[in-house]
Structures are given as C-alpha cells and as structure tokens.
Amino acid sequence: MDPALLREREAFKRRAMATPTVEKKAKTESSFTTPKDIKKPRPASAAPKIDATNYKTMSGSSQYRFGVLAKIVKHMRTRHQEGDDHPLTLDEILDETNQLDIGSSVKSWLQGEALRNNPKIELTADGRYLFKSVFKIKDGKSLMRLLKQHDLKGLGGVLLDDVQESLPHCDKVLKNRASEIIFITRPNDKKKILFYNDRTANFQVDEDFQKLWRAVTVDAMDDAKIDEYLEKQGIRSMQDHGPKKPLLPKRKKLANKKRQFKKPRDNEHLADVLETYEDNTLTQSNAVQEIKQNN
C-alpha cells in the first residue's frame, strides 16, 4: 500500500477523534397507541346554531312568536283608531304587517290559539278578525250616549285611555264636544276621567254663602267635634246623616215560667187508682171538717 495514503488515513482518524459528537437516542415506542380511526362521540342533543337568515322561520322561539302576536295586535288597534273597522283574514293581517315569511307552525298557533284567545282580538262568524275595544263607540253621539248612561246609572266617569282606544279620531271628537264633557284628573295615578256635563244640575250660589263656606275650616276636626259644634249652634239636621254605627240586637229576656211538677212515669198504670184515692181523701177530710164545725 502507498505510504502517503496510510498517512492521510491516520490523520483523518485523529481529526475524527478530536471532533466532539452528540449521539441521538432513538425514541422508544409506547406500549399503547390510540387508533386513528376512533372518533370522539358528539352529544346527541346539540342545539342548532342560530343564523340570521333563518331566524324568522324558526318555530321553537316563544319570544319570536309573541313578538309576531304583539305586532298584529298593535296594527289592529292602529287601524281601528284610524276608522278601518272591516274585518281581515289572517293572511291579510300578515300581509299588512309584513310578516308573510313566518313558519307554518307559528301561523297555525296564531290561527288556532293566540288570536282566538286574545282579549283584544274579536273573531267574526266567517273566520275574520277585528280589534275588540273596551267600548262600542264610533262617533261623538255614541260617546255622549255612553257618558249619559254612566251618569244616570251612577257608574261614575270613563277613563280617557279607554276612550282613546275605542273611539276613532278621538282627539277631533273630544275637541268638538269639549263643552259637553268634564275632565277630571285622578290624584293617585294622574289619569284623566271623563264625565258628562249635566247642565240641568247647574245653579247659582249666593256669594255670601260662598264666603261662609270658604271661611269654615274643618280639616282638623273629627265627626264628634263637628256634631258637638252643631248642637251648640242649635242645628240638628245632620244627625241622621253620615255613617251609622251598627246596633247590636238586644237579647230577649226569658219569661219566668212556673215549674210544673211532673208526675212519675213509673206509675202510669195506677193513674186511675191514684185519682180515686185523692178524691176519697178530699171527701173524707171535708166531712171531718164539717162535723167539727157543727160540734
């Protein structure tokens, strides 16, 4: 062998020994390996995702159902207040409210349950729908007739909110009939009440009486003090007025009945014998008394 090649071989070995090296350990395979074909099970009752495109067609949302119903009731009230009193079918109502894209389940719910049982919707004989107002009034004459009936029967006034809901073009009618109606604001909830203005009950009060009425203050006086003051002034006309105290019913006294001696029931079979004995005894005693008197 060529000596030059041997020298190069020895030099290569020395360089290789001088160069540090890191050994790479082989990875130990685990004893258990999960198979790749096994998939994790998904829950069976997974809720469907809500998409903006199919939100209106979802029939399970109760909030959506009642939203559709509220829109229908509001539309029916508005058209009644505007004077449209002809009934509509469900398809016509959905067309006017721009809700033709509702699902079939929501439509059947509206037709079979919601609109039929709603207190503000009235179902006609031919299957159409109307707005059901509080009062059946259409114009100013029917309104005044209603107020007169309440006044005659002592039913009081009528809420302005109920009149506005029932009467078409309410503001115009109330403006034209302002002289025939009295408006009173209720102090507890600040709602306005309408009363019939009965002009036959108007009368002129003397100014002197008005001054006396306004000068008398009875805010800090109770009924007992007012009665005492009226008695001192010689006024007794108010005794029969005001709340009366209920009178307790008086108990009847039982009459004292004389006690009657009851004969013993054991000797009823000897009643005739006892009567004969008593009669003989009385006769003998009377005869003895007569003999004594004669002697």
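With an unreviewed UniProt entry as reference, the chain is termed Transcription initiation factor IIE subunit beta, source organism Anopheles epiroticus. Turning to the chain, the UniProt record has this under Subcellular location (unreviewed entry): "Nucleus". Taken from UniProt, the Subunit (unreviewed entry) comment for the chain reads in full: "Tetramer of two alpha and two beta chains."

Quick one: what's the story with the overall build of the chain, residue by residue and with numbers?
If you tally the helices and strands in the chain, you get 10 helices and five strands. Every one of the 295 residues in the chain was classed for burial, and the buried ones make up 17%. Taking all contacts inside the chain whose residues are at least 6 apart in sequence as the whole, residues at least 24 apart take part in 56%. Counting every atom, the chain has about 26400 Å² of accessible surface; 53% of that belongs to carbon and sulfur.

Talk me through the pairing of strand β4 (residues 181–185); I want residue IDs and the actual numbers.
Bridge count for β4 against strand β5 (residues 192–196) is five bridges, and the pairing is antiparallel. Across the sheet, residue T185 finds its bridge partner in β5, namely K192.

Lay out the packing of helix α2 (residues 62–81) against helix α4 (residues 104–117) with the relevant residues and their values.
Where α2 contacts α4, the two axes come as close as 11 Å, and the packing angle between them is 60 degrees. Our classification of the angle between α2 and α4 gives oblique. When the axes of α2 and α4 are compared, the crossing they make is right-handed. Across the interface between the two elements, Y64, R65, F66, V68, L69 and I72 of α2 pack against S105, V106, W109, L110, A114 and L115 of α4. Taken together, the residues of the contact of α2 with α4 break down into 10 nonpolar, one polar and one charged.

Residues and numbers for the sheet that holds β4, please.
Taken in spatial order, the three strands line up as β3-β5-β4 in an open sheet, and their pairing is antiparallel. With partners counted over all chains shown, the strands left at the sheet margins are β3 (158–159) and β4, one partner each. As paired strands, β3 and β5 are joined by two bridges and run antiparallel to one another. Across the sheet, residue V158 finds its bridge partner in β5, namely L194. Here helix α5 (residues 140–152) sits on the sheet and contacts β3, β4 and β5; the angle it forms with β5, its principal contact strand, is near 85 degrees.

Which residues make up the nonpolar core, and what values do they have?
One finds L69, I72, M76, I102, L110, L115 and Y129 to be the most contacted residues of the largest nonpolar core, which totals 19 residues. Of all the secondary-structure elements, those providing two or more residues to this core are α2, α3 (90–96), α4 and β2 (129–131). Here this core gets six residues from one element, more than from any other, and that element is α2. Look past the residues within four positions of M76 in its chain and what remains in contact with it is L88, I93, I121, Y129, L130 and F131. Membership of the second largest hydrophobic core comes to 15 residues, among which are F135, V158, L174 and I181.

Explain the pattern of salt bridges to me, using residue names and the numbers behind them.
Scanning the entire structure with this criterion turns up 10 salt bridges. Between E180 and R177 there is a salt bridge; the shortest N-O distance is 3.4 Å. According to the relative accessible area criterion, E180 is partly exposed, its value standing at 27%. Given the relative accessible area of 22%, R177 is considered partly exposed. Three or more residues joined by partner-sharing salt bridges are found here, namely R77, K120 and E165.

Let's hear about the layout of surface pockets: which residues, and what values?
Of the volumes computed, that of the second largest pocket is approximately 340 Å³. Lining the second largest pocket are W213, V216, T217, V218, M221, I226, Y229, L230, Q233 and I235.

Can you lay out a nonpolar patch on the surface for me, pointing to particular residues and giving the numbers?
On the surface, a nonpolar cluster with roughly 360 Å² of combined accessible area is contributed by V216, V218, M221 and Y229. Exposure remark for V218: the relative accessible area of 40% places this residue in the partly exposed category.

Analysis parameters
- Residues numbered from 1 in each chain as written.
- Predicted model: local features only at pLDDT ≥ 70, side-chain atom pairs only at ≥ 80, totals over all residues.
- Heavy atoms only, no water.
- UniProt positions renumbered as here; feature names shortened; annotations may be inferred.
- Helix = DSSP H or I, 4+ residues; strand = E, 2+ residues; numbered from the N terminus.
- Buried < 20%, exposed > 50% of the residue type's maximum accessible area, 1.4 Å probe, protein only.
- Contact = heavy atoms within 4.5 Å.
- Areas by Shrake-Rupley, 256 points an atom, 1.4 Å probe, with all protein chains shown as cover.
- Pairing = 2+ DSSP bridges.
- Axes fitted to C-alpha atoms, helices over the stretch in contact; angles between N-to-C directions.
- Parallel < 35°, antiparallel > 145°, perpendicular 65-115°, else oblique.
- Left-handed = near helix turned anticlockwise from the far one by under 90°.
- Nonpolar A, V, L, I, M, F, W, Y, C, P; charged D, E, K, R; others polar.
- Core = buried A, V, L, I, M, F, W, Y, C linked by side-chain atoms within 4.5 Å.
- Salt bridge = Lys/Arg side-chain N within 4 Å of Asp/Glu carboxyl O.
- 1 Å grid on protein atoms, 1.4 Å probe; cavity = no way out; pocket = protein on both sides within 12 Å on 5 of 7 lines; lining within 4 Å.
- Points joined across faces, edges and corners; volume = space filled by probe spheres on them.
- Patch = residues over 30% accessible without salt bridge, like charges linked within 9 Å, V, L, I, M, F, W, Y side chains within 5 Å.

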